[in-house]
Amino acid sequence: MATAAMHVASKRMLRAMRVPAVVICVASILPLAASAESMRCGKWIVNETMTTNEIVQKCGEPQQKDVSKEDVYARNQAGYSTRRGEQVIERWYYKPSSGSLTMMVKILDGKVVSIERAD
């Protein structure tokens, strides 16, 4: 009889432990998802929803800027690929301090589209 009660109690304890473990796992993953699209500049956190002016205001001018142009293609009614224009791609590189990782801000046609670690 005592072993049956212990078995039921241990099942309850395992169930009770499972929920907090799942919550802890999910909570530990969330900062990683947020950090993929943001970076720290001094006391500020900047992300891809900000304008280029806001990023420069908070982080200053980047240590390096790469600017390139790429042709934009689309298929016409006959199915052939035709040039429709071009887009300007800017990559701004920031390294806030000597011990920190270099971060890249990618800008397409003047709009910030991503912030990620530069490899």
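Source: prediction; values computed, not measured. (Residues numbered from 1 in each chain as written. Predicted model: local features only at pLDDT ≥ 70, side-chain atom pairs only at ≥ 80, totals over all residues. Heavy atoms only, no water.)

Okay, helix α2 (residues 52-59) next. Since one α-helical turn is 3.6 residues long, residues separated by three or four positions face the same way. Inspection of α2 places T52, I55 and C59 among the buried residues, and these make up the whole buried set. Looking straight down α2, one finds its buried side chains confined to an arc of 60 degrees; they lie on one side. In α2, the exposed positions angled more than 90 degrees off the buried face are occupied by N53 and Q57. Elements in contact with the buried residues of α2: β1 (38-41), β2 (44-47), β4 (81-94), β5 (103-108) and β6 (111-117). Downstream of α2 by one or two residues, G60 has phi in the positive range, about 85 degrees. (Buried < 20%, exposed > 50% of the residue type's maximum accessible area, 1.4 Å probe, protein only. Helix = DSSP H or I, 4+ residues; strand = E, 2+ residues; numbered from the N terminus. Arc of directions from axis to C-beta. Contact = heavy atoms within 4.5 Å.)

Right, let's talk about the pairing of β5 for a bit. When β4 meets β5, the two strands line up antiparallel, connected through 6 bridges. Bridge pairing in β5 places E90 opposite I107. Here β5 pairs with β6 via 6 bridges, running antiparallel. Each residue of the ladder has a partner; that of I107, found in β6, is V112. Taking the residues that link successive antiparallel strands as the turn, the β5-β6 hairpin has 2 residues, and the phi of D109 there is positive, at about 50 degrees. (Pairing = 2+ DSSP bridges.)

Within the secondary structure layout, S38 lies in strand β1. Look at S38 and you get buried, because its relative accessible area is 18%. Other than its neighbours up to four places away in sequence, S38 contacts I45, V46, N47, M103 and I115.

This part covers the environment of C41. Structurally, C41 is set in strand β1. For the pair C41 and Y94, spaced 53 residues apart in the sequence, the C-alpha separation amounts to 9.0 Å.

A sheet is described by the order of its strands in space; here 4 strands give the open sequence β3-β4-β5-β6, paired in antiparallel fashion. Either end of the sheet is taken by a strand with one partner, and the two such strands are β3 (64-75) and β6. Each strand axis lies, on average, 25 degrees off the axis of its neighbour in the sheet, ignoring direction. Against the sheet, α2 makes contact with β4, β5 and β6, and its axis sits at roughly 15 degrees relative to β4, the strand it touches most. (Axes fitted to C-alpha atoms, helices over the stretch in contact; angles between N-to-C directions.)

Any functional reading would require information that these geometric values do not contain.
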